[in-house]
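What follows is each chain in one-letter form.
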Number of protein chains: 2
Amino acid sequence: MRILLVEDDAELSASIAEFLELQGAECDFAYTGQAGVELAISGSYEVILLDVMLPKLDGFDVCAALRNHGYSTPVLMLTAMGTTEDQLKGFRAGGDDYVVKPCPMPLLWARINALFRRSLNQQALKRLGPLNIDFEKRKLERAGQAISLTPTGWKILEILLSHSPKVVSRSNIERFVWPDEEPDQGRLNVHLHALRKALDQPFNYPLIKTVTGFGVCIIDDKKA
Amino acid sequence: MRILLVEDDAELSASIAEFLELQGAECDFAYTGQAGVELAISGSYEVILLDVMLPKLDGFDVCAALRNHGYSTPVLMLTAMGTTEDQLKGFRAGGDDYVVKPCPMPLLWARINALFRRSLNQQALKRLGPLNIDFEKRKLERAGQAISLTPTGWKILEILLSHSPKVVSRSNIERFVWPDEEPDQGRLNVHLHALRKALDQPFNYPLIKTVTGFGVCIIDDKKA
DNA sequence: TGTCAGCCTTAAGACAATCTTAATATCCTG
DNA sequence: CAGGATATTAAGATTGTCTTAAGGCTGACA
């Protein structure tokens, strides 16, 4: 998971980043609101952590700026203040969640994951080539033909779709499907195989491709 | 990874270097800002650690000087001061990150790696002459024709591109591709050859050139 | 409470891609 | 032209991925 951390206190920033990277996230920094906006627009982050108290452009401004630019990346507001008014202000600016510093790291991580999960699910209805996906109803069709998946199959499909057409590493899939467990590629391989059996095998060309050494991706591409 | 450490406290310098070398990095020293600038310009370092408090030319000056010379090597500022103003000053001079001393070595190492990784990813250079490179999709085209690479091939291409048009020494390539292993030019030659076979051989002129005694580089230049 | 179906995990072996080694050839530089 | 540096090739080792099957777990339901 790629996270953008916008926080002017370098020390705090460092300790948060250290923790996030320990969890396997990739963390970029911005130390000013200005830089935050620029990075958020250029880079592709899955979640943005945004300190409220920043010089000049504060967290609210950054968030509002992003939303005005049409960016919907989930934003988690970080702040030392805990009053209701501030919270409301944060949400009015388009923040998706709100955490009061200092907060225990595991809590922060949980909130980040919740946000990420939610943002993925917002793609209730999706299409990819011959695929029709409805995450809410858990209905899936390829070329008009219904396909049924197991819960794990859905999760794998979910993360593959959300990154398509990029390659997703096996370890990222694992972290997404089994967030609190030891990595174990064995089972992932089995589930991947099951997913392919349901999604690709009955049809004329595969959507799920493996890129040896890097991971897998889902693309609608008859050749590749 | 080659790191330049610019720090006037010889004792601190030594202890940092000891740790870095334990992690497999190669560490050069400068004890004055002056020497730091010269080394940074002559040698090719992947990351520069820069103490802020230096006699005469201080860290900010060194960093600014480098940027003015067109050098974009990532700079990690080291300092005992932790105020917001100092941080801002560091960043305005073009520093990429900021660590407050004393900081735990593993944290320092994490930041160095994060910087390094980011600098590689910032290859906005997704193109080089007839080459189209997409690291996220792991897709590569030359003159519109798809080329597939092995993981090692990608890594070599990555470091060549990130230094282009400069020559990259074989030992630097090795350190990048096999960070925790003994150097062994044998295999590097084999992989280089494979890369050329995929990238150059099927086409009318080579992009990868060897500069005997110094290393190799990737340039789009039909003559040279 | 016992049974069953669906799902998940483990394990083992097959297969494929990639890597390394090593032996030999060729190229450069002084 | 000699010697080191680089290139080439092929075989064998290693690692990554796929496939299958058996057994375990869990929740629904009688």
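Up top is the structure.
The structure contained in this document is the topic of the report that follows. Bear in mind the structure is a predicted one, so any value in this text is a computation, not a measurement. (Residues numbered from 1 in each chain as written. Chains lettered and ligands numbered in written order. Predicted model: local features only at pLDDT ≥ 70, side-chain atom pairs only at ≥ 80, totals over all residues.)

## Observations regarding the overall build of chain A
Piece 1. Of the regular secondary structure elements, chain A holds eight helices and eleven strands.
Piece 2. Considering chain A as a whole, with its 224 residues, one finds that 31% of them fall into the buried category.
Piece 3. Within chain A, counting contacts between residues at least 6 apart in sequence, those at least 24 apart form 56% of the total. (Helix = DSSP H or I, 4+ residues; strand = E, 2+ residues; numbered from the N terminus. Buried ≥ 20, exposed ≤ 12 C-beta atoms within 10 Å, placed from the backbone. Contact = placed C-beta atoms within 7 Å.)

## Topic: the protein's contact with DNA strand D
Piece 1. Taken together, 18 residues form the shell around DNA strand D, and within it Asn189(A), His193(A), Thr210(A), Asn189(B) and Thr210(B) come nearest.
Piece 2. Mapped by element, the contributors of at least two residues to the surface near DNA strand D are helix H8 (185–199) of chain A together with helix H8 (185–199) of chain B.
Piece 3. Of the residues assigned to the surface near DNA strand D, the class counts are four nonpolar, ten polar and four charged. (Near = placed C-beta within 6 Å. Nonpolar A, V, L, I, M, F, W, Y, C, P; charged D, E, K, R; others polar.)

## Focus: the protein's contact with DNA strand C
Piece 1. In the vicinity of DNA strand C, 18 residues are found, and the nearest of them are Thr150(A), Thr152(A), Arg187(A), Thr150(B) and Thr152(B).
Piece 2. Looking at the surface near DNA strand C, the elements with two or more residues in it are helix H6 (151–163) and H8 of chain A together with helix H6 (151–163) and H8 of chain B.
Piece 3. When the residues that make up the surface near DNA strand C are grouped by side-chain class, the tally is four nonpolar, ten polar and four charged.

## Overview of helix H7 (residues 170–177) of chain A
Residue and element names in this part refer to chain A.
Piece 1. For H7, the complete set of buried residues consists of Ile173, Glu174 and Phe176. Buried residues in H7, looked at end-on, bunch into an arc of 165 degrees, giving them a common side.
Piece 2. Where H7 is buried, its residues touch H6 and H8. (Arc of directions from axis to C-beta.)

## Comments concerning the nonpolar core
For soluble globular proteins, nonpolar side chains are generally found buried alongside one another.
Piece 1. Judged by nonpolar contacts, the single largest core of 33 residues is most densely connected at Ile3(A), Leu5(A), Ile48(A), Leu49(A), Leu50(A) and Leu76(A).
Piece 2. Mapped onto this core, the elements with two or more residues apiece are strand E1 (2–6), helix H1 (10–22), strand E2 (26–30), helix H2 (33–42), strand E3 (47–51), helix H3 (59–68), strand E4 (75–79) and helix H5 (105–121) of chain A.
Piece 3. Looking at which element gives the most residues to this core, the answer is H1(A), with five residues.
Piece 4. Counting 28 residues, the second-largest nonpolar core is a separate cluster that includes Val47(B), Val52(B), Val75(B) and Leu78(B). (Core = buried A, V, L, I, M, F, W, Y, C linked by C-beta atoms within 7 Å.)

## Notes on the pairing of strand E3 (residues 47–51) of chain B
Each regular strand displays side chains that alternate between the two surfaces of the sheet.
Residue and element names in this part refer to chain B.
Piece 1. Most of E3 is tucked away, with five of its five residues classed as buried.
Piece 2. By the alternation rule, side chains of E3 split into Val47, Leu49 and Asp51 and Ile48 and Leu50, which are all buried.
Piece 3. One ladder, built from four bridges, connects strand E1 (residues 2–6) with E3; its direction is parallel. Along E3, the bridge assignment pairs Val6 with Leu50.
Piece 4. The pairing of E3 with strand E4 (residues 75–79) spans four bridges and is classified as parallel. Across the sheet, Leu50 pairs through a bridge with Met77, a residue of E4. (Pairing = 2+ DSSP bridges.)

## Here's the deal with unusual backbone geometry
All names here are of chain A.
Piece 1. Here the residue pair Ser164 and Pro165 is connected by a cis peptide bond, since its omega of 5 degrees sits within 30 degrees of zero.
Piece 2. You can see Pro165 is positioned in the loop between H6 and H7.
Piece 3. With a phi angle near 50 degrees, Ala143 is a residue other than glycine that sits in the positive phi range.
Piece 4. Along the polypeptide, Ala143 turns up in the loop between strand E8 (139–142) and strand E9 (145–147).

## Comments concerning the sheet that holds strand E9 (residues 145–147) of chain B
All names here are of chain B.
Piece 1. Strand order in the open sheet formed by four strands is E6-E7-E8-E9, and the pairing between neighbours is antiparallel. With one partner strand each, in any of the chains shown, strand E6 (127–128) and E9 form the two edges of the open sheet.
Piece 2. Pairing between strand E7 (residues 131–134) and strand E8 (residues 139–142): four bridges, direction antiparallel. Paired with Leu131 across the strands is Arg142, a residue of E8.

## Side note on the sheet that holds E1(A)
Residues and elements named next belong to chain A.
Piece 1. Judged by pairing direction, the sheet is parallel, and its five strands sit side by side in the order E2-E1-E3-E4-E5 without closing on themselves. Sheet topology places E2 and strand E5 (97–100) at the edges, where each strand pairs with a single neighbour. Across the sheet, the axes of successive neighbouring strands diverge by a mean angle of 20 degrees, strand direction being ignored.
Piece 2. Sheet topology note: the E4/E5 ladder contains four bridges and is parallel. (Axes fitted to C-alpha atoms, helices over the stretch in contact; angles between N-to-C directions.)

## Describing the pairing of E2(A)
Residue and element names in this part refer to chain A.
Piece 1. Burial runs high along E2: four of the five residues are buried.
Piece 2. The pairing of E1 with E2 spans five bridges and is classified as parallel. Bridging from a neighbouring strand, Leu5 pairs with Phe29 of E2.

## A word on the packing of H6(A) against H8(A)
Residue and element names in this part refer to chain A.
Piece 1. Interaxial distance between H6 and H8 falls to 10 Å at its minimum, and their mutual angle equals 85 degrees. Judged by the angle between their axes, H6 and H8 are roughly perpendicular. Here H6 contributes Thr152, Gly153, Ile156 and Leu157 to the contact with H8, which in turn contributes His191, Leu192, Ala194, Leu195 and Ala198.
Piece 2. When its residues are assigned to classes, the contact of H6 with H8 shows six nonpolar, three polar and no charged. (Parallel < 35°, antiparallel > 145°, perpendicular 65-115°, else oblique.)

## Structural notes on the packing of H6(B) against helix H7 (residues 170–177) of chain B
Residue and element names in this part refer to chain B.
Piece 1. Running from N to C, H6 and H7 cross one another at 130 degrees; their axes reach a closest spacing of 10 Å. With respect to each other, H6 and H7 are oriented oblique. Here H6 runs over H7; the crossing is right-handed. Contacts between H6 and H7 pair Thr152, Lys155, Ile156 and Ile159 from the former with Ile173, Phe176 and Val177 from the latter.
Piece 2. Each residue belonging to the contact of H6 with H7 can be placed in one class, and the counts come to five nonpolar, one polar and one charged. (Left-handed = near helix turned anticlockwise from the far one by under 90°.)

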